[in-house]
Amino acid sequence: QVQLVESGGGLVQPGGSLRLSCAASGFSFSSYSMGWFRLAPGKERQFVAAISWSSITTYDLESAKGRFTISRDNAKNQVYLQMNSLIPDDTAVYYCSAGRWPRPDDYWGQGTQVTVSS
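Residues numbered from 1 in each chain as written. Predicted model: local features only at pLDDT ≥ 70, side-chain atom pairs only at ≥ 80, totals over all residues. Heavy atoms only, no water.

## Describing the nonpolar core
Core analysis: the largest hydrophobic core is formed by 27 residues, its most contacted members being Met34, Trp36, Leu81, Met83 and Tyr94. Put simply, the parts of the chain that give this core at least two residues each are strand S3 (18–25), strand S4 (33–39), strand S5 (46–51), strand S7 (68–73), strand S8 (78–83), strand S9 (92–99) and strand S11 (112–116). The contact partners of Met83, leaving out residues within four places of it in the chain, are Gly16, Ser17, Leu18, Leu20, Arg67, Phe68, Tyr94 and Val114. (Core = buried A, V, L, I, M, F, W, Y, C linked by side-chain atoms within 4.5 Å. Buried < 20%, exposed > 50% of the residue type's maximum accessible area, 1.4 Å probe, protein only. Helix = DSSP H or I, 4+ residues; strand = E, 2+ residues; numbered from the N terminus. Contact = heavy atoms within 4.5 Å.)

And the structure:
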């Protein structure tokens, strides 16, 4: 079956950085768009970023504002989210996803917690 397994979350101070990883299996990874969404308590799930099979990228500039970078390695079936200059409002569970461009939502991982706090 399709599996998406996130890793790399944790506690980080404001201004710090984290690199999230997502290991994918059970589908043709290189033909799918991949994405990251996040969910904070009491809020709706928010789109963060997506990357197509050809590495076209799109971001939620309202939240990321150039601080986040999504990338993929098709040879490893991995997608990444590099997060720099983190702020407390970035605190959320971050979910890896797979599907169609530009809002992949067919498959979901279980999420990894990111907490930005001093």
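## Observations concerning the packing of aromatic side chains
This model, assessed by the stated rule, comprises six aromatic pairs. With centroids separated by 5.0 Å and ring planes inclined at 70°, the aromatic side chains of Phe27 and Tyr32 adopt a geometry described as edge-to-face. Through pairs of rings, three or more aromatic residues link up here, namely Phe27, Phe29, Tyr32 and Tyr107. Above the plane of the ring of Phe37 lies Arg45, whose end atom (NZ or CZ) is 5.8 Å from the centre. Directly above the ring of Trp108 sits Arg45, whose terminal nitrogen or CZ lies 4.0 Å from the centroid. (Phe/Tyr/Trp six-rings, centres within 6.5 Å; stacked < 30°, edge-to-face > 60°. Lys NZ or Arg CZ within 6 Å of the ring centre and 35° of its normal.)

## Examining the pairing of strand S1 (residues 3–7)
The alternating pattern of S1 places Leu4 and Glu6 on a buried face, while none of Gln3, Val5 and Ser7, on the opposite face, is buried. Judged from the five bridges that link them, S1 and S3 form a sheet pairing that is antiparallel. The residue bridging Gln3 from the neighbouring strand is Ser25, located in S3. (Pairing = 2+ DSSP bridges.)

## Looking at the pattern of salt bridges
Here the structure, examined in full by the defined rule, presents two salt bridges. Two residues, Asp90 and Arg38, come together in a salt bridge whose shortest N-O distance is 3.0 Å. In this pair, Asp90 is assigned in the loop between S8 and S9 and Arg38 in strand S4, connecting sequence segments 52 residues apart. Across the pair Arg67 and Asp90 runs a salt bridge, and its minimum N-O distance is 2.8 Å. (Salt bridge = Lys/Arg side-chain N within 4 Å of Asp/Glu carboxyl O.)

## So, the state of the cysteines
A full pass over the atoms with the stated rule returns one disulfide. Residue Cys22 pairs covalently with Cys96 via a disulfide, S to S 2.1 Å. On the sign convention where negative is left-handed, the bridge of Cys22 and Cys96, at about -80° about the S-S bond, is left-handed. Remark: Cys96 occurs in strand S9 and Cys22 occurs in strand S3; sequence separation between them is 74 residues. Exposure remark for Cys22: the relative accessible area of 0% places this residue in the buried category. Classification of Cys96 by relative accessible area gives buried; the value is 0%. (Disulfide = S-S within 2.5 Å.)

## Quick notes on unusual backbone geometry
Residues Trp101 and Pro102 are joined by a peptide bond in cis, for which omega reads 0°. Assignment of secondary structure puts Pro102 in the loop between S9 and strand S10 (107–108). Of note, the phi angle at Asn77 is positive, near 55°, even though the residue is not glycine. Considering the arrangement of structural elements, one finds Asn77 in the loop between S7 and S8.

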